[in-house]
Amino acid sequence: MRYVTIINDTRFEIDIEKDGTLKVNGEPREVDFLALDPSLYSILMNHRSYEVVIEEREGKYEVQMQGKLYTGQVLDERAQLLATRRGSLGAESGEVSIKAPMPGLIAAIPVTEGQEVKKGQTLVILESMKMQNELKTPRDGIVQRISVQPGQSVEQNKLLITLT
Amino acid sequence: METSQTQIKKVLIANRGEIAVRVIRACRELGIATVAVYSDADRTSLHVRYADEAIHIGPPSPRESYLKIEKILDAAKRSGADAIHPGYGFLSEREDFAQAVLDDGLIFIGPPPDAIAKMGDKQVARETVKAVGVPVVPGTEPGLRDDELFAIAGQIGFPIMVKAAAGGGGKGMRAVQNAEELPDALAIARREAESAFGDGHVYLEKLIEGARHIEFQILADTHGNTIHLGERECSIQRRHQKLVEESPSPFVDPDLRRRMGEMAVRAAQACGYVNAGTIECLVDKDKNFYFLEMNTRLQVEHPVTELVTGLDLVKEQIRIARGRRMSPTENFLTPKVWAMECRINAEDPYNNFLPSVGTISTLLLPTGPGVRVDSGVYSGFTITPYYDSMIAKLICWGDDRPEAMLRMRRALEEFSIMGVKHNIPFHQNLLNSFSFIAGKFDNKFVEERFSMTTYEQPASEEDLETAAIAATLFTHRNRQLAMQVVKSNERDTSNWKWLSRWERVHR
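What counts and how
Residues numbered from 1 in each chain as written. Chains lettered and ligands numbered in written order. Predicted model: local features only at pLDDT ≥ 70, side-chain atom pairs only at ≥ 80, totals over all residues. Heavy atoms only, no water. Pairing = 2+ DSSP bridges. Helix = DSSP H or I, 4+ residues; strand = E, 2+ residues; numbered from the N terminus. Axes fitted to C-alpha atoms, helices over the stretch in contact; angles between N-to-C directions. Parallel < 35°, antiparallel > 145°, perpendicular 65-115°, else oblique. Contact = heavy atoms within 4.5 Å. Nonpolar A, V, L, I, M, F, W, Y, C, P; charged D, E, K, R; others polar. Buried < 20%, exposed > 50% of the residue type's maximum accessible area, 1.4 Å probe, protein only. Buried area = accessible area lost by both parts, 1.4 Å probe. Salt bridge = Lys/Arg side-chain N within 4 Å of Asp/Glu carboxyl O. Polar contact = N/O pair within 3.5 Å; in protein donor to acceptor, adjacent residues only side chain to side chain.

Student: I'd like a description of the sheet that holds strand β16 (residues 153-154) of chain A, backed by residues and values.
Tutor: An order of β14-β13-β11-β16 (chain A) is seen for the 4 strands of this open sheet, with the pairing classed as antiparallel. The two strands at the open ends of the sheet, each matched to only one other strand, are β14 (131-136) and β16 of chain A.

Student: Tell me about the sheet that holds strand β12 (residues 116-117) of chain A, and name the residues and values.
Tutor: Sheet strands pair via backbone hydrogen bonds, and the direction of the pair is either parallel or antiparallel. Residues and elements named next belong to chain A. Reading across the sheet, the 4 strands line up as β10-β17-β15-β12 and stay open at both edges, with antiparallel pairing between neighbours. Lying at the two open borders of the sheet, with one neighbouring strand each, are β10 (96-99) and β12. Where β10 meets strand β17 (residues 159-163), 4 bridges bridge the pair, whose relative direction is antiparallel. Its bridge partner lying in β17, K99 is registered against L159.

Student: Can you break down the packing of helix α4 (residues 95-103) of chain B against helix α5 (residues 113-120) of chain B residue by residue, with the values?
Tutor: All names here are of chain B. Contact pair α4 / α5: the axes reach a minimum separation of 8 Å and the direction vectors enclose 175 degrees. Considering their axes alone, α4 and α5 lie roughly antiparallel with respect to each other. On the side of α4, the interface is formed by E95, A98, Q99 and L102, while α5 contributes P113, I116 and A117. Tallied by class, the residues present in the contact of α4 with α5 amount to 5 nonpolar, 1 polar and 1 charged.

Student: Provide a residue-level description of helix α10 (residues 302-309) of chain B, including the pertinent values.
Tutor: All names here are of chain B. For α10, the buried fraction is high: 8 of the 8 residues fall into the buried class. For α10, the complete set of buried residues consists of H302, P303, V304, T305, E306, L307, V308 and T309. After α10 finishes, the residue G310 shows a positive phi value of roughly 75 degrees.

Student: Give me the interface of chain B and chain A: which residues, what numbers.
Tutor: With 49 residues of chain B in contact, the opposing surface of chain A contributes 58 residues. For the chain B face of the interface with chain A, the top three residues by lost area are M418(B), T472(B) and F474(B), together amounting to 12%. For R48(A), the salt bridge identified is with E462(B), shortest N-O distance 2.9 Å. There are 17 residue pairs in polar contact (both at pLDDT 80 or more) connecting chain B and chain A. Broken down by secondary-structure element, the contributors of at least two residues to the side of chain B that touches chain A are α8 (182-197), β16 (354-355), β18 (362-364), β22 (416-418) and α16 (461-486) of chain B. A total of 18 residues in the side of chain B that touches chain A trace back to one element, the largest contributor, which is α16(B).

Student: Can you explain the pairing of strand β21 (residues 390-398) of chain B? Please cite residues and give values.
Tutor: All names here are of chain B. Most of β21 sits out of view: 8 of its 9 residues are buried. Pairing of strand β14 (residues 338-345) with β21, which is carried by 8 bridges, proceeds in the antiparallel orientation. Note on β21: the bridge partner recorded for I344 is A392. The pairing of strand β19 (residues 371-375) with β21 spans 5 bridges and is classified as antiparallel. Bridging across to β21, S375 finds its partner in A392.

This is the structure:
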């Protein structure tokens, strides 16, 4: 079985055969991979010992190892095919939806529809966890639509602002 | 005069999270029964699990539960508690609460209401300590209108701080560089203060640049003893929220410790203080110090003082509230160890420290020599948006500062929290920064001279590959397990053999 695994933007081709042998980019690797609980694993490789926590969330993998968090994707051949057809995600053009990262109260919206904004500019001040949290734009753009009003309570993932 | 001693048999903790757990632990050790209170959002919280009794006090919003005096007092009555510990935040610095507790014939494990009142009103506090020769930072009284504040701001001179009159913990606090920024800063500060404390009053204070935040722990009993337990260095802050505290401070020499300590004791005595409290100061580059405020409660960062002095401050608080003599009666001038605390917050350091909510899916706590964790969470616990984002405190100590830092690094590496974003990477990077290691920083260090990328060591090719192998085997294994369950007729071995294999991988 061939997988393409992308960890912190580095791509690895990993083959796992029926007999359990494993190759990384064509090079064989001896790996002792043991499950300690559903997300905790012990890996022994070349006598080196790693304790790793692995979790999957919405198709993204998180690997916590030696105090560091690695994130990435594991794609089998079918998933790779789909991904190439869909084109790359997260492009610099098109619409960007700013959603509430947590439930809270809209304290202020310091922008107006049609306004040009620069990357890092504050779009919404969301009051949550007793803090005024400034939600900023991930890139330059124009505020196309504001879907909430100051004083409004919002749930997590509620669409707040659409940028073009 | 000998003050009468009082028995405490059952303590209600008017708080939640790690501090409630901390107080419960002290009570347990003293053989005192404990009562937790909880909102709808906290039924599954650790403090409810650890307490002997738990009483529901209302909806998640603090204003309808943890800030409601009548509900807390009613819970005390229903449970038969004879004393209340307020923790920090919430009602801990409200003199009307302390007074109401006393009026109900209960013991308040904290200072007398009039000491809270004097120190809680920033203007009265400044006048009180100025009268005994304690230096203060130039500023205004609270409660002024915006137009009055605009006028006085010009006289004090920028940069200037806007602070909440009822404040603490950085809420309702803003630094203002010039007159143009003042109107917005006032509006935001008033809004934050209103939502955090139910009181939108603010005041101004001159901002002393390049200053360190250094505070002194005070302990006073009803037998006339008032002492200090040395300093805590709290300059590592972001938006006036402390992130790392240590004791002693790398900036404080024995002479400064003695002088500041004497000042702190005088300030506490000036308001008739009893129980544990903290004198917060700004110290400039030339070691001039200014009184900022007194926190009339236990601090979040009290554990570093506990480790340096060998005292249990919550037990001392209870001793004092019982009318007994506190165990130390001399100022503490010689630190036994070096202690450091990292506040572990559910905040994403890679995204402007945005708070993160959700369920903690995995929690592995560090242990071993020189490590203490005060936590309010567990694996499976859900962090809600109703309360602040601090989920645990990691405290490490060693013979000296380098050993404390090396232990902290090791402990941070052992710490795994999955399911929510957290600031452990921030602490790891901070402990790699040369300025921090050298002890050269002020209270603007994190905001102005620290970046998450400068000290982040890039992952090695080998580690990336190991992580990739781990993620791939994880996926492969889960897929194989799923297929084995589905395609049972395609098994190449007997059902019995297969079952034992299945159990082996599911152990």
